[in-house]
Amino acid sequence: QKEVEQNSGPLSVPEGAIASLNCTYSDRGSQSFFWYRQYSGKSPELIMSIYSNGDKEDGRFTAQLNKASQYVSLLIRDSQPSDSATYLCAVRGNFNKFYFGSGTKLNVKP
Amino acid sequence: GAGVSQSPSNKVTEKGKDVELRCDPISGHTALYWYRQRLGQGLEFLIYFQGNSAPDKSGLPSDRFSAERTGESVSTLTIQRTQQEDSAVYLCASSLDWTGDGYTFGSGTRLTVV
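Bear in mind the structure is a predicted one, so any value in this text is a computation, not a measurement.

Time to look at the state of the cysteines. Under the defined criterion, the tally for this structure stands at two disulfides over all chains. Across the disulfide, A:Cys23 is cross-linked to A:Cys89 (sulfur-sulfur distance 2.1 Å). Between A:Cys23 and A:Cys89, the disulfide has an S-S torsion of -70 degrees and is therefore left-handed. Placement of A:Cys23 in strand E3 (residues 19-25) and of A:Cys89 in strand E9 (residues 85-92) is noted, with a sequence separation of 66 residues between them. Note on A:Cys23: relative accessible area 1%, which makes it buried. One disulfide bridge connects B:Cys23 with B:Cys92, the sulfur atoms lying 1.9 Å from each other. Linking B:Cys23 and B:Cys92, the disulfide has an S-S dihedral of approximately -65 degrees and is accordingly described as left-handed. Taken together, the positions of B:Cys23 in strand E3 (residues 19-24) and B:Cys92 in strand E9 (residues 88-95) put the pair 69 residues apart, joining distant regions of the chain. Each member of the pair B:Cys23 and B:Cys92 is classed as buried.

See the structure below:
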């Protein structure tokens, strides 16, 4: 069973700041990692995927992966109130099945 | 269709009743997944379909839960003799096949057992 751990938060940051979201996973053999954003009452939407050690940037979002430490993070630069949501970390298993963390709630204060 | 469609969007049922939840995947997507999300929790995998077969049903929590899929089309998740702990949002997702990248979720069915 793959375990994915996240701090539930809430993480509060002021508008314009960098939000840093963290995730650890238990299965050292995991290869593929994903970040989903979930607004209250809505279904999750995929925002980033990362497969290799290092950083992957997409607009204001940067995903970071350290397989040796079994650690994935998501940085959101220039945070906006519209970024306020719960961020779910997911690890892919067999047959494209995902193991999700319980999510970190982010509040961006205007 | 253009997206993953789920119905009903909300369902309130009495404890002990059976419920059926429906998922209509994106046209052409052969892989279909059911997840459950309890309030304030992450998503729990329930079952995976490839076509109309279910290679992985390891997440079904008890024998009260079953699912079927017709060809590469609609899937139904059935919960028999519902219990209060079954209250959750049930999410369906589909992908082109099982090798794909992150998939698209439907809007979910919020099930409340009273």
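Further remarks concern the packing of aromatic side chains. Residue and element names in this part refer to chain A. Across all of its chains, the model carries 16 aromatic pairs over all chains by this definition. Look at Phe 34 and Phe 98: their rings are 4.7 Å apart centre to centre, the planes differ by 65 degrees, and that puts the pair in the edge-to-face class. In this pair, Phe 34 is assigned in strand E4 (residues 33-38) and Phe 98 in strand E10 (residues 98-100), connecting sequence segments 64 residues apart. Judged by relative accessible area, Phe 34 falls into the buried class, the value being 0%. Under the relative-accessibility criterion, Phe 98 is labelled buried at 1%.

Formed by 24 residues in total, the largest nonpolar core has its most connected members in A:Phe33, A:Trp35, A:Val72, A:Leu74, A:Ile76, A:Tyr87 and A:Leu106. Contributions of two or more residues to this core are made by E3, E4, strand E5 (45-50), strand E7 (61-66), strand E8 (71-76), E9 and strand E11 (104-109) of chain A. Among all residues touching A:Ile76, those that are not within four sequence positions of it are A:Ala17, A:Ile18, A:Ala19, A:Leu21, A:Arg60, A:Phe61, A:Asp83, A:Tyr87 and A:Leu106. If you look at the next biggest cluster of nonpolar residues, it comprises 19 residues, including B:Val4, B:Cys23, B:Leu46 and B:Ala88.

Let's shift gears to the interface of chain A and chain B. How big an interface is tends to be stated in terms of accessible area lost as the parts join. Facing the 18 residues of chain A at the interface are 25 residues of chain B. Across the chain A/chain B interface, buried area totals approximately 1,600 Å², and carbon plus sulfur atoms make up 54% of it. Interface area lost by chain A to chain B is led by A:Phe95, A:Asn96 and A:Lys97, which between them contribute 38%. For the pair chain A and chain B, the number of links is one salt bridge. In this structure, the connection of chain A to chain B is made through six residue pairs in polar contact (both at pLDDT 80 or more). Going through the elements one at a time, E4, E5, E9 and E10 of chain A are the ones with two or more residues in the side of chain A that touches chain B. Here the element with the most residues in the side of chain A that touches chain B is E4(A); it accounts for three residues. Here the residues of the side of chain A that touches chain B are counted per class, giving nine nonpolar, seven polar and two charged.

Moving on: the pattern of salt bridges. Overall, the coordinates contain seven salt bridges over all chains when judged by the stated rule. A salt bridge links A:Glu45 to A:Arg37; the nearest nitrogen and oxygen atoms lie 3.2 Å apart. Note on A:Arg37: relative accessible area 14%, which makes it buried. We note a salt bridge from B:Arg64 to B:Asp86, for which the minimum N-O separation is 2.8 Å. With B:Arg64 in the loop between strand E6 (53-56) and strand E7 (65-69) and B:Asp86 in the loop between strand E8 (75-79) and E9, this pair connects stretches of sequence that are 22 residues apart. Taken as a pair, B:Arg64 and B:Asp86 share a single burial class, namely buried. Each of B:Arg36, B:Arg38 and B:Glu44 takes part in salt bridges that share partners, so that together they form one network.

Basis of the calculations
- Residues numbered from 1 in each chain as written.
- Chains lettered and ligands numbered in written order.
- Predicted model: local features only at pLDDT ≥ 70, side-chain atom pairs only at ≥ 80, totals over all residues.
- Heavy atoms only, no water.
- Disulfide = S-S within 2.5 Å.
- Helix = DSSP H or I, 4+ residues; strand = E, 2+ residues; numbered from the N terminus.
- Buried < 20%, exposed > 50% of the residue type's maximum accessible area, 1.4 Å probe, protein only.
- Phe/Tyr/Trp six-rings, centres within 6.5 Å; stacked < 30°, edge-to-face > 60°.
- Core = buried A, V, L, I, M, F, W, Y, C linked by side-chain atoms within 4.5 Å.
- Contact = heavy atoms within 4.5 Å.
- Buried area = accessible area lost by both parts, 1.4 Å probe.
- Salt bridge = Lys/Arg side-chain N within 4 Å of Asp/Glu carboxyl O.
- Polar contact = N/O pair within 3.5 Å; in protein donor to acceptor, adjacent residues only side chain to side chain.
- Nonpolar A, V, L, I, M, F, W, Y, C, P; charged D, E, K, R; others polar.

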